[in-house]
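So you can see what is in the structure, the chains are spelled out below.
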Amino acid sequence: MKFFIDTANLDQIKEAQALGILDGVTTNPSLMAKEGITGHDNIMKHYKTICEIVDGDVSAEVIATDYDGMVSEGEALADLDPQIVVKLPMIADGVKACKYFSDKGIKTNVTLIFSAGQALLAAKAGATYMSPFIGRLDDISTDGLGLIEEIRLIYDNYGYETQILAASVRHTMHIIDCAKIGADVMTGPLSAIKGLLKHPLTDIGLAQFLADYKKGN
Ligand code: G3P
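Residues numbered from 1 in each chain as written. Predicted model: local features only at pLDDT ≥ 70, side-chain atom pairs only at ≥ 80, totals over all residues. Heavy atoms only, no water.

J.: Got a minute to help me understand the overall build of the chain in this structure?
T.: Counting its regular elements, the chain contains 11 helices and eight strands. Its C-alpha atoms give the chain a radius of gyration of 19 Å, within 12% of the compact-globule value 17 Å for 217 residues. Its C-alpha atoms put the chain at 70 × 40 × 30 Å along the principal axes. Here the chain holds 217 residues, and 48% of them are scored as buried. Taking as baseline every contact in the chain between residues at least 6 positions apart, the subset at least 24 positions apart corresponds to 56%. Total accessible area on the chain stands at roughly 10800 Å², and carbon and sulfur atoms take up 56% of it. Looking at charge distribution, the chain has the averaged site of its 19 positive side-chain charges lying 4 Å from that of its 29 negative ones. (Helix = DSSP H or I, 4+ residues; strand = E, 2+ residues; numbered from the N terminus. Rg over C-alpha atoms; globule rule 2.2 N^0.38 Å. Buried < 20%, exposed > 50% of the residue type's maximum accessible area, 1.4 Å probe, protein only. Contact = heavy atoms within 4.5 Å. Areas by Shrake-Rupley, 256 points an atom, 1.4 Å probe, with all protein chains shown as cover. Lys, Arg positive; Asp, Glu negative; His and termini not counted. Charge placed at Lys NZ, Arg CZ, Asp CG, Glu CD.)

The following block contains the structure:
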């Protein structure tokens, strides 16, 4: 399973990259705003900086909600760097724009997916990635991981190559469950990724090894 970090925070992206396990970055307008990155030029510059830090795919979201606007914004984003993946919302014009970019060989990520039907549309439009938001479904007492299972089944039934990018991941168990189900990618916060490191027996075992080494030296 690929690991993407879901943030626009450069320090966190650098930390995940330095860990050696990072496959890419996802961002959205809310994550950009959280870092105080505003205005078209600053946002474009920030995407470029992220591409310089990481080796993998970097999802950059369009703001337009009409087909022509999405195509022109998406083209400008794709021109920034070959690592850029054009992120499009799951609305009718987003599906049309996804097909346009797929036909041109430009990578896409269809976002704000909350149902199996939406997942089918993203695959049929040739999306490279599609992002079901599991945490936000859990927030409304709906089984987010259950949706990942449904989409995995549907995509396997037909051999769709669109990658399931489990998004709105909130904690380590989401990551582990996504891996069990067979999500292709998960994107989550640094805290969830680093949470995978933790086990008290690892800490106790290491402390014991070091104490025993000191006894003999
Ligand atoms: O990847 C989608 C993500 O940014 C949304 O996460 O935690 O705001 O639901 P969250």
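Moving on from the coordinates now.
J.: Whenever I open this one, the packing of helix α3 (residues 40-53) against helix α4 (residues 67-80) confuses me. Can you help?
T.: Interhelical geometry of α3 versus α4 gives an angle of 40 degrees and a closest axis separation of 10 Å. Classified by the interaxial angle, the pair formed by α3 and α4 is oblique. Read as a crossing pair, α3 and α4 show a hand that is right-handed. Residues Met44, Tyr47 and Lys48 of α3 form the contact with α4, whose participating residues are Ala76, Leu77 and Leu80. Of the residues in the contact of α3 with α4, the class split is five nonpolar, no polar and one charged. (Axes fitted to C-alpha atoms, helices over the stretch in contact; angles between N-to-C directions. Parallel < 35°, antiparallel > 145°, perpendicular 65-115°, else oblique. Left-handed = near helix turned anticlockwise from the far one by under 90°. Nonpolar A, V, L, I, M, F, W, Y, C, P; charged D, E, K, R; others polar.)

J.: Sorry if this is basic, but what is going on with the pairing of strand β7 (residues 163-166) here?
T.: Side-chain direction in a regular strand flips from residue to residue, so the side chains alternate between the two faces of the sheet. The two faces of β7 match: Gln163 and Leu165 on one face and Ile164 and Ala166 on the other face are all buried. Across two bridges, the pairing between strand β6 (residues 129-132) and β7 is parallel. Pairing of Met130 across the sheet is with Ile164, part of β7. Two strands pair when backbone bridges link them, and β7 and strand β8 (residues 185-188) are joined in this way by two bridges, in the parallel orientation. For Leu165, the partnering residue across the bridge sits in β8 and is Val185. Traced from β7 through helix α9 (residues 172-181) to β8, the parallel crossover comes out right-handed. (Pairing = 2+ DSSP bridges. Right-handed = clockwise from strand over helix to strand, strands pointing away.)

Keep in mind these numbers describe shape, not what the thing actually does.
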